[in-house]
Amino acid sequence: MKKIRVIDSHTGGEPTRVVVEGGPDFGPGSVEQQLKVFRGQFDAWRSAIVNEPRGSDVLVGAWLCKPADPSCTAGVIFFNNVGYLGMCGHGLIGVMSTLRYLGRVTTGNHRIETPVGIVEAEIKENGSVLLQNVVSYRTAENVSVQIPELGTVTGDVSWGGNWFYLVNNLQLDLKLAHVEKLTEIAWNIRCAINTQGYPEIDHIELFAPGGCGGDSRNFVLCPGKAYDRSPCGTGTSAKLACLAAAGKLHENQVWIQESILGSQFRGWYQWADRETKKIKPFIEGEAYVNADSNLLFDEADPFCWGIRA
Ligand code: PYC
């Protein structure tokens, strides 16, 4: 029977499962190149690790791999119930806390190679993790889509390590009791924006005023229709890029982004290029390790490689 060791954690309520031993090798090359091998030849492993019956739609997987860049401590490929992510903020906070739990890293600064670039991660003495995410930027503002029942929805398109459409004209009550309705609304918005010349957008971000002391509360719908329990690290980076481009947040001014659960990330930015309004986003949060286990793969099991549509 094949076996891999995984460590589970959650960051602001959003789970991450890190593969720390076993499984295939994706060969030499950059993490971006290794992702092509993972996707092309070993996608069954993705499904087996995060999909039912071992996982769930909410779970984000993280595969540790060898970085091509010698300055990096590790490489990582993030994946979910339907595919792969460029970067994952809550996931990287989970990865750093997992590596610390294993004794593979200590507090201080690390560089981690992802398919979309190098992310810097500082593990603090108190266990919190500060990320300097990949350069983020807004590519379009006030893009409108028509949604039956809602009318005109307006938002910005922004890159934060994944592609986001950040809705700015809906006043919705972002609380857990409304998750089903919010999911339906966000999914309809995603379908509409994808047919309006933005096929790459796979994350939809809705906003409301903060309810637990944050500057803002969000609801982020992920590519596989699960909502992010955390404030979404790449979504917060995309939000910081929009705020910076709109002149609504100054360099180094702290922005507290709250999730639908009320969990928080602290964010701020520095200019990467003031002229093109590209930013270096900083995101700080905490993860908690909650399982250390082995996954078993029995070829006689009809659902050995996960249940997928
Ligand atoms: O924290 O960046 C994030 C993220 C992306 C999808 C789920 N979480």
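No experiment lies behind these values; they were computed from the predicted model shown. (Residues numbered from 1 in each chain as written. Predicted model: local features only at pLDDT ≥ 70, side-chain atom pairs only at ≥ 80, totals over all residues. Heavy atoms only, no water.)

**Q** It is not clear to me how the packing of helix α1 (residues 31-41) against helix α2 (residues 43-50) should be interpreted in this structure. Could you clarify?
**A** A pair of packed helices is characterised by two quantities: the angle between their axes and the separation of those axes. Following both chains from N to C, one finds α1 and α2 inclined at 80 degrees, their axes separated by 5 Å at the closest point. In terms of axis orientation, α1 runs roughly perpendicular to α2. Along the contact surface, α1 presents Phe38, Arg39 and Gln41, while α2 presents Asp43, Trp45 and Arg46. (Axes fitted to C-alpha atoms, helices over the stretch in contact; angles between N-to-C directions. Helix = DSSP H or I, 4+ residues; strand = E, 2+ residues; numbered from the N terminus. Parallel < 35°, antiparallel > 145°, perpendicular 65-115°, else oblique. Contact = heavy atoms within 4.5 Å.)

**Q** Mind showing me how you'd approach the site of the ligand here?
**A** If you check the shell around the ligand, you find Glu14, Cys88, Gly89, His90, His203, Cys222, Asp228, Cys232, Gly233 and Thr234 and nothing else. Interatomic distance of 2.7 Å between a side-chain N/O atom of Thr234 and an oxygen atom of the ligand. A total of 250 Å² of accessible area belongs to the ligand in isolation, and the protein chains cover 99% of it. At the level of elements, α3 (89-101) and α5 (233-245) are the ones that each hand at least two residues to the shell around the ligand. (Near = heavy atom within 4 Å. Polar contact = N/O pair within 3.5 Å; in protein donor to acceptor, adjacent residues only side chain to side chain. Areas by Shrake-Rupley, 256 points an atom, 1.4 Å probe, with all protein chains shown as cover.)

**Q** Help me understand the pattern of salt bridges in this model?
**A** A side chain with one charge may pair with a side chain of the opposite charge, provided their charged atoms come close. All chains considered together, the criterion is met by 17 salt bridges. Across the pair Asp8 and Arg17 runs a salt bridge, and its minimum N-O distance is 2.9 Å. The exposure class assigned to Asp8 is buried, which follows from its relative accessible area of 12%. For Arg266, the salt bridge is made with Glu286, and the minimal N-O distance between the two is 2.7 Å. Taken together, the residues span a long stretch of sequence, with Arg266 in strand β15 (residues 264-273) and Glu286 in the loop between β16 (278-285) and β17 (287-297) at a distance of 20 residues. Classification of Glu286 as partly exposed rests on a relative accessible area of 26%. (Salt bridge = Lys/Arg side-chain N within 4 Å of Asp/Glu carboxyl O. Buried < 20%, exposed > 50% of the residue type's maximum accessible area, 1.4 Å probe, protein only.)

**Q** In this structure, what is going on with the state of the cysteines? I would like to understand it.
**A** Between two cysteines, a covalent bond joining their sulfur atoms is known as a disulfide. One pass over the full model with this rule turns up zero disulfides. No disulfide involves Cys242; its nearest neighbouring cysteine sulfur is the one of Cys232, lying 13 Å away. Residue classification places Cys242 among the buried positions, given a relative accessible area of 7%. (Disulfide = S-S within 2.5 Å.)

**Q** What is the right way to look at the pairing of strand β1 (residues 2-11) in this model?
**A** Each regular strand shows side chains that alternate between the opposite faces of the sheet. In this structure, β1 lies alongside β17, joined through 10 bridges in antiparallel fashion. Its bridge partner being in β17, Asp8 is matched across the sheet by Ala291. Relative to strand β2 (residues 14-21), β1 runs antiparallel, the two being bridged by seven bridges. Its bridge partner lying in β2, Ser9 is registered against Thr16. Taking the residues that link successive antiparallel strands as the turn, the β1-β2 hairpin has two residues, and the phi of Gly12 there is positive, at about 55 degrees. (Pairing = 2+ DSSP bridges.)

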